[in-house]
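# A closer look at the structure
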Amino acid sequence: MPVAMDAAARISRARARLLLDAPWFGALALRLRVEEDTAGELAFGMGTDGSRLVYRPTDLAGLPDGVLKTMVAHEVMHCALLHPYRAHGRDLAMFNRACDLAVNPMLRDQGFALWPGALLEDRFAGQTAEQIYGTLMREKREQEQQSQGGQGQGNSQAGPTAPQETPQPDFL
């Protein structure tokens, strides 16, 4: 079976499993139009624009079914919380990070198994994406100020700080 066809079938099964295991998530997942990412909109895996669930088949090929189900639920939460519509001129990659940090604890608390490397920081539990975004942007500014403050001064003991990698948005 070709990878794309297999991925589409697996997503269909994940949505059906959600309908049985977590009906609220399943009902919302069924409202999303599933499309393969043929336009290169995604950096990895799966994303949403609020009406579509877009996926890259090659990225989903090795994932366990439980993780795939969680990824669908993750995108459903972006839609339910209107994340694709709330960016309002913000740094999209950073806002997506904030949205993920808001969504993932909710999924974990609902019993979903998060994938390795999923963004999860307990300090943000119960906060909105906008609150988290504000904190992340303040921390980014502070880090930039610290790294700029140490440049050109011979007595700086701290080495250069590596820029934090901000994942590509999973909403389009």
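Preceding this paragraph is the structure being described.
Notes on the structure in this doc start here.

### Some points on the packing of aromatic side chains
Applying the stated rule across the entire model yields three aromatic pairs. Between the aromatic rings of W24 and F25, the centroid separation amounts to 5.0 Å while the plane-to-plane angle is 90°, which identifies the pairing as edge-to-face. Overall, the relative accessible area of 7% leaves F25 in the buried class. Each residue in the set W24, F25 and F112 is aromatic and connected to the rest through ring pairs, giving one cluster. Note that R90 overlies the ring of Y133, its terminal NZ or CZ placed 5.5 Å from the centroid.

### Examining the packing of helix α5 (residues 92-109) against helix α6 (residues 129-149)
Where α5 contacts α6, the axes come no closer than 8 Å and their chain directions differ by 125°. In this view, α5 runs oblique relative to α6, as classed from their interaxial angle. Relative to α6, the crossing made by α5 is right-handed. On α6, the residues touching M94, F95, R97, A98, C99, L101 and A102 of α5 are A129, E130, I132, Y133, L136, M137 and K140. Residues of the contact of α5 with α6, tallied by class, amount to 11 nonpolar, no polar and three charged.

### Things to note about the sheet that holds strand β3 (residues 52-55)
Within the open sheet, the three strands sit side by side as β1-β3-β2. Their pairing is mixed. Strands at the two margins of the open sheet, each flanked by one partner only, are β1 (33-36) and β2 (46-48). On average, each strand axis in the sheet is inclined to that of its neighbour by 25°, with strand direction left out of account. Sheet strands touched by helix α4 (residues 65-80): β2 and β3. Its angle to β2, the strand with the most contacts, is close to 20°.

### A look at the environment of D91
Within the secondary structure layout, D91 lies in the loop between α4 and α5. Among the residues examined, D91 registers a relative accessible area of 30% and is labelled partly exposed. Between the C-alpha atom of D91 and that of M137, which follows or precedes it by 46 residues, the distance is 9.1 Å. Once you skip the residues sitting within four places of it in the chain, D91 turns out to touch Y133 and K140. Among the polar contacts listed, one links the side chain of D91 to the backbone nitrogen of M94, at a separation of 2.9 Å.

### So, the nonpolar core
Core analysis: the biggest nonpolar cluster contains 23 residues, and L18, F25, M46, L60 and V72 have the highest contact counts within it. If you list the elements that add at least two residues to this core, you get α1 (3-21), α2 (23-30), β3, α4 and α5. Top contributing element to this core by residue count: α4, with eight residues. For F25, the contacting residues outside a window of four places in its chain are L18, A73, V76, M77, L107, Q110 and F112. L101, L119, F124 and Y133 belong to the second-largest nonpolar core, a separate cluster that totals 14 residues.

Cut-offs and rules
Throughout this document, residue positions are counted from 1 along each chain, in the order its sequence is written. Residue-level local features of this predicted model are given only where pLDDT is at least 70; pairs of side-chain atoms are given and counted only at 80 or more, and the full residue set underlies all totals for whole chains, interfaces and linings. The side-chain numbers reported here are obtained from all heavy atoms of the structure, hydrogens and water having been left aside. Between 30 and 60 degrees the pair is tilted, below 30 it is stacked and above 60 it is edge-to-face, where a pair is any two Phe, Tyr or Trp rings, Trp via its six-membered ring, whose centres lie within 6.5 Å. To sort residues, take the accessible area from a 1.4 Å probe on protein chains only and compare it with the maximum for the residue type: under 20% means buried, over 50% means exposed, and anything in between is partly exposed. Charge over a ring is defined by NZ of Lys or CZ of Arg lying within 6 Å of the ring centre and within 35 degrees of the ring normal. Lines fitted to the C-alpha atoms define the axes, with helices restricted to the stretch that makes contact. Angles between their N-to-C directions range from 0 to 180 degrees. Helix numbers and strand numbers start at the N terminus; a helix is a DSSP run of H or I with at least 4 residues, a strand a run of E with at least 2. For classification, angles of less than 35 degrees are called roughly parallel, those exceeding 145 degrees roughly antiparallel, those between 65 and 115 degrees roughly perpendicular, and all remaining angles oblique. Working rule for handedness: look at the near helix, and if it is turned counterclockwise from the far one by less than a right angle, call the crossing left-handed; if clockwise, right-handed. We call two residues contacting when some pair of their heavy atoms lies within 4.5 Å. Three residue categories are used. Nonpolar comprises Ala, Val, Leu, Ile, Met, Phe, Trp, Tyr, Cys and Pro, charged comprises Asp, Glu, Lys and Arg, and polar comprises the others, including Gly. Note: two strands are recorded as paired if DSSP finds a minimum of 2 bridges between them. Under this definition, polar contacts are N or O atom pairs within 3.5 Å; protein pairs additionally need one hydrogen-donor-capable and one acceptor-capable atom, and for neighbouring residues in sequence, both atoms have to be side-chain atoms. The set of buried Ala, Val, Leu, Ile, Met, Phe, Trp, Tyr and Cys residues whose side-chain atoms join them within 4.5 Å is what this entry labels a nonpolar core.

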